[in-house]
Structure formats: C-alpha cells, structure tokens
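Commentary on secondary and tertiary structure
These are the residues of each chain, in order.
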Amino acid sequence: MSTGPGAASVPAPEPHDSPPAPDSPASTGRPVRKSSMFSSLKVRNYRLFFMGQVVSNIGTWMQRIAQDWLVLSLTGSSAAVGITTALQFLPMLLFGLYGGVLVDRLRKRPTLLVTQSSMAVTALALAVLTLTGQVQVWHVYVAAFTVGLATVVDNPARQSFVSELVGPRQLQNAVSLNSANFQSARLVGPAVAGILITGVGTGYAFLFNGLSFIAPLTGLVLMRARELHVVERAPRGKGQLREGVRYVTGRPELIWPIVLVGFVGTFAFNFPVFLSAFADDVFHAGAGAYSMFNTLMAVGSVVGALLAARRGTSRLRLLIAAALVFGALEMVAATTPTLWMFALLMVPLGLFGMTVNVTTNTSIQMSTDPAMRGRVMALYMMVFLGGTPVGAPIVGWVTDTYGARVGLAAGGAVAAAAAAVIGLILARVGNLRLSVGWHRGHPRVRFVPREQREELAPAA
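Now for a description of the structure that goes with this document. None of these values were measured; they are calculated from a predicted model. What you see as residue numbers is a count from 1 along each chain, following the sequence as written. pLDDT decides what is reported in this predicted model: residues at 70 or higher carry local features, side-chain atom pairs at 80 or more are listed and counted, and totals for whole chains, interfaces and linings draw on all residues regardless. With hydrogens and water excluded, all non-hydrogen atoms of the structure serve as input to the side-chain values.

On to the nonpolar core, then. In terms of nonpolar packing, the biggest core is built from 79 residues, with Leu 260, Leu 275, Phe 293, Phe 342 and Tyr 380 touching the most fellow members. We call two residues contacting when some pair of their heavy atoms lies within 4.5 Å. In contact with Tyr 380, not counting residues within four places along its chain, are Ile 258, Val 261, Asn 357, Thr 360, Asn 361 and Ile 364. To define a nonpolar core, start from buried Ala, Val, Leu, Ile, Met, Phe, Trp, Tyr and Cys residues and group those joined through side-chain atoms within 4.5 Å. Buried residues are those whose accessible area, probed at 1.4 Å on protein chains only, stays under 20% of the maximum for their type, while exposed residues exceed 50% and partly exposed ones sit between those limits. Counting 23 residues, the second largest nonpolar core, distinct from the first, contains Tyr 46, Ala 157, Val 175 and Leu 220.

Structure representation (structure tokens):
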C-alpha cells in the first residue's frame, strides 16, 4: 500500500515482508534504535555474498579504470569515453523493465550464477585481446555493451536478493554495507589499476577482473538454501510490465526519488568523463591522477555508506538535502585552480553522492512489496544507470567543446536544480510548509507539517 501523502517527510515505512510486532518501536511510536554498523554480517549467507563481492568489486573497479584509460589512449577523445560508458548502460535503458519482470519470476541465486559467469567470460576475452596487442576501440565497445546486457538482469537480481539473504529487519543495514563494499573497492581497485596500467599495461587489469568472479560464484554455490528468506515469486502473466510502472507512478515515495536520481545519474554522475578529462586535459597529470581522484572519492563514499548503515531509517528529506549539496560541490570543484584542491573535494563529493545513492535504494526497497521488488528496482536502476547513455555523450561533447570545467559545473547545476524542484514537489505532496526559526541559538530552516506550523504560530 502507499504510505500516503506524508511520505516525503517521514521515515521509510516498515518493509512489506513482515509487519511490526505489537510491542515494537514501529508500532508504539518509540524511537527506533540505530542498528549495529555490521549487524547483517552475522547472517552466514549474506557473509558469503559480501565476501565474494569484496573480491569481485575490486576487479570491477580495476576494469573501469583500465577501460576508460584504454579508450582515451586509443582515441584521445573524452566523447569516446562517454560512448563507451553509454554502451555499457544502454541495455539497461532499453531492456531494464523486462529484466525486472524476469527477476520477479526467477529464482535469484541461479540467475546470479548465470549473469556473473557471463561477465567473467567477457572480461577474460577483453584481457586476451589487450595482452596480445589486437585490441581496437570497437572491441571495447562490444565488451561494454555485452556487460550491459548481463547487467539488465544481474543488477535487479542482486538488489532484490539481499532481502532473501537477511530478511526485512536487516535490509537497510545490508544495502548500506553493500554500498560500502562496492565503494571500499574503489580504494584498492583504482590504485592497483594505476600501477598495472603504468607498469605492465591495461590487459592485466581485465585479466584480474575476469578471475575475480570466482569469489562470488563460489559464495553463491556455498550458500544454504534452507536459510534464505522465502519471497513469493510473481507468476508468469500478461501485463506485468505495465503493472510495475503503475505501481511506482501511483506512489509519491517511489516515483519522485526515482525521478531525482534520473537527473543526477544522467548529468552529474558521469565521473569517467569528468575525472579523465580533468586528469588529462586540465591538470596534465596522467593515469596516476585519474586513479587518485577515484580513490579519494571512494574514501568519501565509504564514509557515506557506513554512516547510512548506522541510521535506523531513510528519510526523503535527507535525499533532497544530499542531492543539493552534491550538485553544489560539483560546481565548486569545477572552479578549483589546483590539482590538490580538486582532489580534496573528491572526498565530500563521494560522501554526498553515496548518501543520495543509499538513501534512494533503501527507501525504495523498504517501501516496495516483495513480489514487485524486482520490477521496482529494475525501474530504479534503469533510470539511474540507463540515463547514462543519454547523458554521457552529451557530457562528453560539452567537455570536449567547452572544457572539463564547464561540463562538471553543468552537471552539478542540473543535480542541484532537480533536487530543489523535487523537494518543493514532495513538500507540497506531503502537506509541508517551510519553517524558519532558532534552535539553541542557531538559525534552523526545515519543513514541518502545515498543522504544526499553524499550532506554533502566535495567537492573533
């Protein structure tokens, strides 16, 4: 069910998987205690999943860095980097919703075994081409598109599989730790990739990524099926795609966060284009600087994900505020005169970017019926990642034509403007009004329910 018009201002509702107990904080109105930062790792199946992803994510980041740098080396064009990124996410834009329908019908663990294996084979093929000196830019394009096809099913399957691993009560913690896991890999992957690129070439980064899939595949095989939380699969039927779209569009707490991350993902999250251009064209510092930028952004992202793991709820107003700050930081970073000032800004950029990502992900999952989760998460990933094929070439063209600073500033401006507009829409839907006052000697600006604003107003 929809949580009603107040969803913009209140915490995300209890997960649909199970209602709160009569004496639970959620039912009595008592404050919800913050969970332990690593509580979901006590679950054996999730621990296997988590450890497998640690290794695989490092390989994924190594391949991302190597792929972007290889294309830039082969073509000398930021637009070509944007095309590569676009091809990797184009399948999500075209087929993302169909992938969600399949995920709701299929068992998640066998599905992930297939998708992860296909991505491993693609990485190994690219490694062979590169190491033998036969690689051409169209080979990279084909590999990126092939990975994108696997991602159409793999992404919503992995997202929705988390609830089967840990159950509803640990869902937010597990989603946040997944994000911390992925971003922690950025601390290792880019650094190792930079060493390999400058030392022995990009081919070994692709090779490592292909072999790294052994870890998650082993974890999936070793899981105990009897310990998974059973989620009813959607039966095969007509109109399931339309049903998923109607489900989302009828709920403000789902549709508006998805619209916001669509703008952010399309125009402001094109960091392969932005950072490679700043490293190569603005600061003339090479692959080492590009790896450093990604690593510092990962530091902030890990902090943001771990802070999210400690929070007991996901508030949409936090999402709006984080998106506003994220856009503003991009505009500030675009004006920085030195490499080190730009590099230091990567830390808060990573923190607020990850806050946007995790807050959207957890609030959507916790507000969605389990039978619809594959389709809803597919729509979310289609908008967030599928917008890249539209945004990356545009951002790449702006960067090539007007410079990296203009491209980054424009992306930040779009993100901040979208956050401001959608924040006002959510406030209106949630029957909220702006409250300006003082709290403990400091000015405080916030949205409050209209009734509360009227009660606080002095009598005439």
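Right, let's talk about the pattern of salt bridges for a bit. Each reported salt bridge corresponds to a side-chain nitrogen of Lys or Arg within 4 Å of a carboxyl oxygen of Asp or Glu. Applying the stated rule across the entire model yields 3 salt bridges. With a closest N to O distance of 3.5 Å, Lys 108 and Glu 164 form a salt bridge. In this pair, Lys 108 sits in helix α4 (residues 108–131) while Glu 164 sits in helix α5 (residues 137–166), placing the two residues 56 residues apart along the sequence. For Lys 108, a relative accessible area of 8% gives the class buried. Residue classification places Glu 164 among the buried residues on the basis of a relative accessible area of 11%. The residue Arg 224 makes a salt bridge to Glu 227 at a minimum N-O spacing of 3.0 Å. Take Glu 227: its relative accessible area is 31%, and that puts it in the partly exposed class. Runs of E in the DSSP output that reach at least two residues are strands. Runs of H or I that reach at least four are helices, and both are numbered from the N terminus.

Moving on: the packing of aromatic side chains. Pairing of aromatic rings covers Phe, Tyr and Trp, the last counted by its six-membered ring, and requires centre-to-centre distances within 6.5 Å; plane angles under 30 degrees mean stacked, over 60 mean edge-to-face, and any other angle means tilted. Applying the stated criterion across every chain yields a total of 14 aromatic pairs. Consider the rings of Phe 269 and Phe 271, whose centres lie 5.8 Å apart with planes at 75 degrees: the pair is edge-to-face. Grouped by ring-pair contacts, the aromatic residues Tyr 46, Phe 49, Phe 50 and Phe 161 constitute a single cluster. Lysine and arginine charges are scored as sitting over a ring when NZ or CZ, respectively, is within 6 Å of the ring centre and within 35 degrees of the ring normal. The ring of Tyr 247 carries the charged tip of Arg 251 above its face, separated from the ring centre by 3.9 Å.

Let us now look at helix α10 (residues 252–268). Given a helix with a known number of residues, its expected span is that number minus one, times 1.5 Å. Here α10 spans 23 Å end to end across 17 residues, near enough to the 24 Å set by a 1.5 Å rise per residue. Of the positions making up α10, those classed as buried are Glu 253, Leu 254, Pro 257, Ile 258, Leu 260, Val 261, Gly 262, Val 264, Gly 265, Thr 266 and Ala 268.

Before going further, it helps to spend a moment on the packing of helix α9 (residues 240–249) against α10. Where α9 meets α10, the closest approach of the two axes is 6 Å, and the angle between their N-to-C directions is 95 degrees. Judged by the angle between their axes, α9 and α10 are roughly perpendicular. Residues Tyr 247, Val 248 and Thr 249 of α9 form the contact with α10, whose own contacting residues are Leu 254, Ile 255 and Ile 258. Looking at the contact of α9 with α10, its residues break down into 5 nonpolar, 1 polar and no charged. Lines fitted to the C-alpha atoms define the axes, with helices restricted to the stretch that makes contact. Angles between their N-to-C directions range from 0 to 180 degrees. Note on angle classes: values under 35 degrees are labelled roughly parallel, values over 145 roughly antiparallel, values of 65 to 115 roughly perpendicular, and the remainder oblique. In this classification, the charged set is Asp, Glu, Lys and Arg, the nonpolar set is Ala, Val, Leu, Ile, Met, Phe, Trp, Tyr, Cys and Pro, and all remaining amino acids, among them Gly, are polar.

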